[in-house]
Amino acid sequence: MSVSIVIDASDMADAMQRLRPLLDFDAEELMTGIAALGESQTRRRITDEKTGPDGTPWPPNAAGTPVLVATGQHLLASVAWRASATEAEWGASWEFAHVHQEGAVIVPKDAKALMFNLGGRMVTTQKVSIPARPFVGLSPDNEAEILELVTDFLGGLL
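What you see is a predicted model; the values in this text were computed from it and never measured.

Trainee: What am I meant to see in the overall build of the protein here?
Mentor: From N to C terminus, the protein includes five helices and six strands. Against the globule reference of 15 Å for 158 residues, the protein gives a C-alpha radius of gyration of 25 Å, more extended than a compact globule. Projected onto the principal axes, the alpha-carbon positions of the protein cover approximately 100 × 30 × 30 Å. Counting across all 158 residues of the protein, residues that qualify as buried make up 24%. When contacts within the protein are restricted to residue pairs at least 6 apart in sequence, long-range pairs at least 24 apart make up 64% of them. Here the protein has roughly 10800 Å² of accessible surface; of this, 57% comes from carbon and sulfur atoms. Computed over 12 positive and 21 negative side-chain charges, the inter-centroid distance for the protein is 17 Å.

Dropping the structure here:
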């Protein structure tokens, strides 16, 4: 009895040629797409969805105005992205963005109380608690959108 094994590698070069785009693709282009999509998702959360990435609705503000964009566009205007071949990043650069993301407690620095105008009346208080209204992060729908972008990008290389 004898056994014979024949290996035909004549199609290997063709297979490697077809896989070459996956091995040599420009990762920065993909990361740029991911970062730009993340920024768009964050802007949509602020302007339309009014929920945290986990789907929790944001608490209303005391003035009864639209949350996070009532008096100006500081937060929305500061949402931006950056990307490189190794990472995609987005968020808000406004100096008070963290207050909206994480919440904060404001207390008087040099006075005995805080004083401010709320709805046409002067208010005095010892502290103001601003609840967290997370706007940066990934919801399950955001993750699915990013996965679709990656899948389409890599599929387009083939």
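Trainee: Would you mind showing me how to read a nonpolar patch on the surface here?
Mentor: Residues M12, M16, L19, L23 and L158 make up a contiguous nonpolar surface patch of about 510 Å² in total accessible area. Mapped onto the fold, M12 is located in helix α1 (residues 12-24).

Trainee: When you look at helix α5 (residues 140-157) in this model, what are you seeing that I'm missing?
Mentor: Since one α-helical turn is 3.6 residues long, residues separated by three or four positions face the same way. Spanning 18 residues, α5 covers 26 Å between terminal C-alpha atoms, matching the ideal 26 Å at 1.5 Å per step. The set of residues buried in α5 consists of N142, I146, V150 and F153. Angularly, the buried residues of α5 cover 70° about the axis, an arc narrow enough to put them on a single face. Residues of α5 that are exposed and point more than 90 degrees away from the buried face comprise P140, D141, L147, E148, D152 and G156. Buried residues along α5 sit in contact with α2 (27-49) and β2 (88-92).

Trainee: Whenever I open this one, the pattern of salt bridges confuses me. Can you help?
Mentor: Two side chains of opposite charge can pair, provided their charged atoms sit close to one another. Enumeration according to the criterion identifies four salt bridges in this entry. Across the pair E89 and R82 runs a salt bridge whose closest N-O atoms are separated by 2.7 Å. On the accessibility criterion, R82 (55% relative accessible area) is exposed. Among the charged side chains, a salt-bridge network with shared partners connects R44, E49 and E145.

Trainee: Explain the environment of T151 to me, please; I cannot follow it from the model alone.
Mentor: Structurally, T151 can be placed in helix α5. The spacing of T151 and S84 is 67 residues in sequence and 19 Å in space, taken between C-alpha atoms.

Trainee: Sorry, what's going on with the pairing of strand β5 (residues 121-125) here?
Mentor: Relative to β5, strand β4 (residues 114-118) runs antiparallel, the two being bridged by five bridges. Considered in β5, the bridge of M115 is made with T124. Taking the residues that link successive antiparallel strands as the turn, the β4-β5 hairpin has two residues, and the phi of G119 there is positive, at about 60°.

Trainee: Would you mind showing me how to read unusual backbone geometry here?
Mentor: Unlike most non-glycine residues, K50 shows phi in positive territory, near 55°. Given a relative accessible area of 23%, K50 falls into the partly exposed group.

Conventions adopted
Residues numbered from 1 in each chain as written. Predicted model: local features only at pLDDT ≥ 70, side-chain atom pairs only at ≥ 80, totals over all residues. Heavy atoms only, no water. Helix = DSSP H or I, 4+ residues; strand = E, 2+ residues; numbered from the N terminus. Rg over C-alpha atoms; globule rule 2.2 N^0.38 Å. Buried < 20%, exposed > 50% of the residue type's maximum accessible area, 1.4 Å probe, protein only. Contact = heavy atoms within 4.5 Å. Areas by Shrake-Rupley, 256 points an atom, 1.4 Å probe, with all protein chains shown as cover. Lys, Arg positive; Asp, Glu negative; His and termini not counted. Charge placed at Lys NZ, Arg CZ, Asp CG, Glu CD. Patch = residues over 30% accessible without salt bridge, like charges linked within 9 Å, V, L, I, M, F, W, Y side chains within 5 Å. Salt bridge = Lys/Arg side-chain N within 4 Å of Asp/Glu carboxyl O. Expected span 1.5 Å × (residues − 1). Arc of directions from axis to C-beta. Pairing = 2+ DSSP bridges.

Note that every value here comes from positions in space, so none of it alone points to a role or purpose.
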